[in-house]
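# Analysis of the macromolecular model
Next come the chains, spelled out residue by residue.
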Amino acid sequence: MMKSIYGIASSWRLMFLFMLSMAGAYIYYSFSKEPFEAWTKFLFDDKLGWAIYFGLILNLTLICFRSAFDKLSPPNITPGYIKKMDAYLSIPIDKVDFDSISEKIVKLGGRTTSAIGYASSRRGAWSFLPGLLLRLGVIVFMMALFVSHHTRNSHEAVIRPGMELTSAGSNVRIESIDARLPKDFLQVGEVADFNVDDLKSVVSTDGKRYVIDNRYPKMAGASYYRVAHLGYTLPLKIEFDKSELRKDFDLDVLPPGKTDTHKLVVEGMVVSFVIEPTRTTEKGLLTGKEFDLTNPTFRVSVNKGGEDGKTVQLILKPGESAFSNGVGITPGTLSIHAKMLAVFDPALRMIYFGLILILVGAASMISRFFWYEAEVSAFFDGRVLMVGFKEEYYSKWGVKRFYNTKNELLGLEASVDKEKPSE
Amino acid sequence: MEIALAIGLKEAFQFALIALLLLLYPVEDEKRGYLKSLFWGTLLGFSIGFVFGYIPSLSKRFSDNELWSVLRYTATIAVFYLGVAISALKHEPTIRAQRVAVFSVGFLALCFDSRAMGFLVYDMGAMQGNPYAVPALFAVGICLGLGPLVLLWKQIAKIDLQDVFSPSVLTMSIGVLMLATGGVKEFDKGDTLIAIERGFLGFVSSGVSALQTLLIIKPHEFISTPMSGLLGYLSGDRSAMSLMVILLMIPPVFALIEAFSKHDPVLEDSAVSAQKRLKIAFFRKGIFLRSIPIMTAFIILVYLIHAANISMNPLYEPVPMPVKESDDKTKLIIPLADSMGDIRDGKLRKYVYYYGSKQVVLIAAMKPDGTIGFCLDECEICRPAEWNKDAIGYAQKGDHLICKYCMTPIALPTLNSPGGCNPIPIPFKIKENEIIVETSEMIEIYKKLQNLDKKGTHL
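Residues numbered from 1 in each chain as written. Chains lettered and ligands numbered in written order. Predicted model: local features only at pLDDT ≥ 70, side-chain atom pairs only at ≥ 80, totals over all residues. Heavy atoms only, no water.

## Some words on the sheet that holds strand β9 (residues 208-213) of chain A
Residue and element names in this part refer to chain A. Rules: In this analysis, strands are considered paired if DSSP registers two or more bridges between them. Counting from the N terminus, the helices are DSSP H or I runs at least four residues long and the strands are E runs at least two residues long. In this analysis an axis means a line fitted to C-alpha atoms, helices contributing only their contacting stretch, and an angle means the value between N-to-C directions, from 0 to 180 degrees.
One open sheet holds the 4 strands; their spatial order is β5-β6-β8-β9, and the pairing between them is antiparallel. Two strands bound the open sheet, and with one partner strand each, they are β5 (164-167) and β9. Direction aside, neighbouring strands of the sheet carry axes that sit 35 degrees apart on average. Pairing geometry for strand β6 (residues 170-179) and strand β8 (residues 199-205), over 7 bridges, is antiparallel. Note that in β8 the partner of Val172 across the bridge is Thr205.

Dropping the structure here:
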């Protein structure tokens, strides 16, 4: 009974049944607003989802064991075993040089077994490895995914040089932020083709320094970090109606052309910023604008709010004040700020590892076109010689090859053979 | 009212194709059993579906069309994949199992479409104030559609296609027919394949986005992110289309492998060689016969996938707008921006100038370098036949113009360059946001084009 339970639990059919259940669950949740989120919530938070999810993991694990065991364990050569092969010969003969047949079978190579009365050659026994890698990758990925779903904690913070923040119980100090912004970025037409390849921040935590950039997340302390956004920080002194306001504005004005609006507490004042081009050229119907992003000029619109409600526009050049219609702006030192994403996730490494295993396994599956199991086995009980052949793939041609070469293998002349009936 | 007759006729005929396939398969002794199972399955499916669509209280209560559509798509794919499940079985299905399958196919093939038909029949009857004539015409249509099947029953009873169809190939073929004929177009504009592709698109785009968040490499507007290009491609409609193609090709590939994987029969050496060769030839002929429905299924599926692809990525062809002439009638004036929009939006524009009884159609588009391409809506080569005049000219697909006749893509930057499949350029000027064309120059070029001995008369 245990054997049949094991057989069912490690069967491909059960795996397809689990996958079909997952697909059915997705179709069920496709009626909700966010189908994918609802489906993952079902798999990770619902008991029925757990049953399907872990059932599939267990099934895949057992398939790994079964395929390895079946391929590597030496075959038990009996007449019943040979009859189950793809093709076999059963020759009633009392005199046969079984030793020479056994020798020929062993010469075929692979994992060979020979003893009195039986011999076997199994090539490609290790061909289960690509599939094993792929399945292991899926198992690792699925387990890590589950752990990540229940333990992940992420938050995003605006960072500036010199800042200190706390992440997962550790103090993190932002030493510097470095972005390679162009001095003369040309934008043609209305759509900006602006891209920052290299953005990094040097942080220190627990006495160590780390360089966090916009590429893959880096582990610093207990969390993973990645720089996720870039903007300017512009300290301003705004003078109006004999009042004065000082504020550090974090400007989200990239790519050029984007407007950032800030509502201030003071009497409903609204201040908008956009980067002003240093040069504008026209060709045909298109307009080209050149921007200095290392030391940008801003167009600042100030709406004083209240009953007046007028908007005053000023051009703020680097290091220079601007004054218009009773509003004066004096800039401080421009700097850049970034947004850093901090993620606490103990399973992230295993997620990456699982994905790599999946990719390696999938790539190595190509080898299965020519790396597969082929077996020739023979059994002789003194009265009947049985020789069987099986091949994992292309068995049609393998069987044909077997019948064409059987006489040579068995050292027989063409004579009466009792053969496996064709289907 | 004639529409009811047409719907009944069309749907019944489509069902008759499926029934014909099912009834041609079994041997003569088993045909009655098949017919009985099919009859009861069909009757039950039709009755339940029609009642749910026809009776207003039921129709309103179970009015979620999206749910019914999803159930129809699921049933179609289930029948289509039943063949794969049968292939995986170690033994041939028993007669009883076959009859249950036939009953189920009859039920599923008609249940969902009957609901749509019931709804349409009730609706048409209510709109025309004649609740009896419309169902009657519908019933007449059904009878006419099924008529050939009934009339030819005696001949059908004598044919069996067990040499051509195995149970797995039969169910796969029925699945293909259901994919091709499923749904009542007058009720449900949705196509099964388009729905599947949209479903896959939603899945891959959400899945890739979730993966990027999981790996902490979420794409950004202007900051480079690892693998953003590759993952962006994988989350697009091409991936969804690829998944749909894989989904549809698995059953025929399985069937093909099943048909071709059997090795030639091994015969005793003592057999006469001629008899041996005859048996092997007969065996191989059997393989060839079994491959016919599989290859037919491939062709139908390729056509369905192509049609779905065209539906989702249609060619854009605007209606030509009449062009304005100057006061002295010597020039054509075409504004770059008008009520139809601004030509700078990158979309193709078409204009028509009436030259006597002839229509001179012109195209304009903005090229990537910011200049304007302005040409006749014709090329030097293609000359569709008189009955195929709709194939003259160009449509837009993305950043290419496509010749509707030969489907050659023309890159937008090459507009205004003559030759080959390019549209014939017309000299023009840009003045104060208007395209100015000398009418006489345009007419001269048009006349030369009409006198040109063009090739391309295959259609």
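## Observations regarding the pairing of β6(A)
All names here are of chain A. Of the strand pairs in this sheet, β5 and β6 are connected by 4 bridges, and their pairing is antiparallel. When the bridges of β6 are listed, Ser167 appears paired with Ser170. Taken together, β5 and the strand that follows it, β6, pair antiparallel across an intervening segment of 2 residues, in which Ala168 is found at a positive phi of about 50 degrees.

## Examining the interface of chain B and chain A
What counts here: Any two residues whose heavy atoms approach within 4.5 Å at even a single point are treated as in contact. The buried area of a pairing is the accessible area, by a 1.4 Å probe, that goes missing from both parts when the two are put together, added over both. Within this document, salt bridges are pairs made up of a side-chain nitrogen of Lys or Arg and a carboxyl oxygen of Asp or Glu, the two lying within 4 Å of each other.
Contacts between the two partners involve 47 residues from chain B and, on the opposite side, 45 residues from chain A. Counting the surface lost from both chain B and chain A, the interface buries some 3,700 Å², and carbon and sulfur atoms represent 64% of this. When the buried surface of chain B facing chain A is broken down by residue, Leu214(B), Ile216(B) and Phe222(B) rank first, second and third, together holding 21% of it. Summed over the shared surface of chain B and chain A, the result is 1 salt bridge.

## Considerations on the sheet that holds strand β7 (residues 358-366) of chain B
Residues and elements named next belong to chain B. Pairing in this open sheet of 4 strands is mixed, and the strands run β1-β6-β7-β8 from one edge to the other. Because the sheet does not close on itself, it has two edges, and the strands there are β1 (321-322) and β8 (372-376). By the bridge criterion, 7 bridges tie strand β6 (residues 349-355) to β7 in an arrangement that is antiparallel. From the neighbouring strand, Tyr354 faces β7, where its bridge partner is Gln359. Running over the sheet, helix α13 (residues 439-451) touches β6, β7 and β8 and is turned about 90 degrees from β6.

## Digging into unusual backbone geometry
This is how it is decided: With a 1.4 Å probe rolled over the protein chains alone, any residue whose accessible area is under 20% of its type maximum counts as buried; one over 50% counts as exposed, and the rest are partly exposed.
Geometrically, the link from Leu254(A) to Pro255(A) is a cis peptide bond, its omega value of 0 degrees lying close to zero. Note on placement: Pro255(A) falls in the loop between β12 (243-251) and β13 (260-263). In this structure, Lys329(B) takes a positive phi of about 60 degrees despite not being glycine. In this fold, Lys329(B) is placed in the loop between β2 (324-325) and β3 (331-335). Overall, Lys329(B) belongs to the exposed group, its relative accessible area being 55%.

## Some points on the pairing of strand β11 (residues 223-240) of chain A
Residue and element names in this part refer to chain A. Across the 18 residues that make up β11, a large majority, 15, are buried. Relative to β11, strand β10 (residues 218-220) runs antiparallel, the two being bridged by 3 bridges. From the neighbouring strand, Ala220 faces β11, where its bridge partner is Ser223. Linkage of β10 to β11, two consecutive antiparallel strands, is achieved through a turn of 2 residues, within which Gly221 is found at a positive phi near 75 degrees. Sheet analysis places β11 next to strand β21 (residues 335-344), joined by 9 bridges and oriented antiparallel. Residue pairing for β21: Tyr224 is matched across the bridge by Val343. Pairing of β11 with β12, which is carried by 9 bridges, proceeds in the antiparallel orientation. In the strand pairing of β12, Phe240 is matched with Ser243.

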